[in-house]
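One letter stands for each residue in the lines below.
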Amino acid sequence: PALTGVKTSVAMKSSAFWLALLAAACIVSCATINQRIASLATSRGFNPIAIGMASSIIMYGGIFGKFILGFIRDKTNNAIITGLTCAGFGLIGCLLVLTVGTTGVAIFYISILIYGLGYAGLTVVPPMVVEAAFGGKNFGQIYANVTVATCVASSFTSLIYAQIIDRTGSYDGCFIFAMVLYAIFAVCVPLIVNIG
């Protein structure tokens, strides 16, 4: 069947498009924290084997999370449910890292695995939300413009996380910041789809 959808010029003038930029910036900013996992594990006093395993586990979360989010999208045919599931995984992962993630290696692994399930949405949720909001006809052009936000945000967020760690001497602020970003993402997703 012929694809339907909004013209690119019309989409880019809508509030849904600007919310999509914000949502994409938030999710990539949350994903950027995975670059700090090895140093976080080091700061918790874990041995080198545990540190290396931590980096692998968060990546496994990212891999399996894509399958889980894709499965949810296929079963529900609903970008909002998929986006909120992604945000939920991310928020729970952050909360676990902040509260019980220091109690032992096993719970730390579980915390970052769940966090990985959340940041898996980086390459899954934004395109499906944009397609749900604006249709498939001009999806490529519209989404290409949304990806600009991910490039810009990932550059700035690495610096922000480094500043938080340097100024506070702790990684807790990074996860609190990520929780705020996941919450903003969770608010944006239904708005984008419904407004679009």
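Predicted model, so just to flag it, every value in this text is computed and none were measured. (Residues numbered from 1 in each chain as written. Predicted model: local features only at pLDDT ≥ 70, side-chain atom pairs only at ≥ 80, totals over all residues. Heavy atoms only, no water.)

Positionally, Thr82 belongs in helix 5 (residues 79–99). When neighbours within four sequence positions are excluded, Thr82 is seen to be in contact with Leu69, Ile72, Arg73, Thr76, Val125 and Met128. (Helix = DSSP H or I, 4+ residues; strand = E, 2+ residues; numbered from the N terminus. Contact = heavy atoms within 4.5 Å.)

Attention now moves to empty space enclosed by the protein. Enumeration according to the criterion identifies one cavity of 30 Å³ or more in this entry. Lining of the largest cavity is provided by Ala20, Ala23, Ala24, Pro126, Val129, Val130, Phe185, Val189 and Ile192. Elements represented by at least two residues in the lining of the largest cavity include exactly helix 2 (15–31), helix 7 (125–134) and helix 9 (172–195). Looking at the lining of the largest cavity, its residues break down into nine nonpolar, no polar and no charged. (1 Å grid on protein atoms, 1.4 Å probe; cavity = no way out; pocket = protein on both sides within 12 Å on 5 of 7 lines; lining within 4 Å. Points joined across faces, edges and corners; volume = space filled by probe spheres on them. Nonpolar A, V, L, I, M, F, W, Y, C, P; charged D, E, K, R; others polar.)

A few words on the environment of Ile114. On the secondary structure map, Ile114 appears in helix 6 (residues 105–119). Judged by relative accessible area, which is 19%, Ile114 ranks as buried. In this structure the C-alpha to C-alpha distance between Ile114 and Gly140, which are 26 residues apart in sequence, comes to 31 Å. Ile114 has contacts with Phe89, Ile92, Gly93 and Leu96, leaving out every residue within four places of it along the chain. (Buried < 20%, exposed > 50% of the residue type's maximum accessible area, 1.4 Å probe, protein only.)

Where nonpolar side chains cluster on the molecular surface, the patch consists of Tyr60, Ile63, Phe64, Phe67, Ile68 and Leu113 and spans about 600 Å² of accessible area. Ranked by the residues each element gives to the nonpolar patch, the list is headed by helix 4 (residues 48–76), at five residues. (Patch = residues over 30% accessible without salt bridge, like charges linked within 9 Å, V, L, I, M, F, W, Y side chains within 5 Å. Areas by Shrake-Rupley, 256 points an atom, 1.4 Å probe, with all protein chains shown as cover. Salt bridge = Lys/Arg side-chain N within 4 Å of Asp/Glu carboxyl O.)

Bringing the nonpolar core into the picture now. Ranked by size, the top nonpolar core spans 64 residues in total, and within it Tyr115 and Phe185 carry the most contacts. Broken down by element, the residue count for this core peaks at 13 residues, all from helix 2. Tyr115 has contacts with Cys30, Ala31, Ile33, Ile58, Phe89, Gly90, Gly93, Cys94, Phe175, Ala178 and Tyr182, leaving out every residue within four places of it along the chain. (Core = buried A, V, L, I, M, F, W, Y, C linked by side-chain atoms within 4.5 Å.)

Another aspect to go through is the packing of helix 5 against helix 7. Here helix 5 crosses helix 7 at 155 degrees, and the two axes come no closer than 9 Å. With respect to helix 7, the axis of helix 5 lies roughly antiparallel. Here the hand of the crossing between helix 5 and helix 7 comes out left-handed. Taking contact as the criterion, the partners of Ala79, Thr82, Gly83 and Cys86 in helix 5 are, on helix 7, Val125, Met128, Val129 and Ala132. Split into classes, the residues belonging to the contact of helix 5 with helix 7 amount to six nonpolar, two polar and no charged. (Axes fitted to C-alpha atoms, helices over the stretch in contact; angles between N-to-C directions. Parallel < 35°, antiparallel > 145°, perpendicular 65-115°, else oblique. Left-handed = near helix turned anticlockwise from the far one by under 90°.)

In this structure the tally under the stated criterion is zero disulfides. Of the cysteine sulfurs around Cys174, a residue in no disulfide, the closest is that of Cys94, at 10 Å. The closest cysteine sulfur to the non-disulfide-bonded Cys188 is located on Cys26, 6.0 Å from its own sulfur. Take Cys188: its relative accessible area is 3%, and that puts it in the buried class. (Disulfide = S-S within 2.5 Å.)

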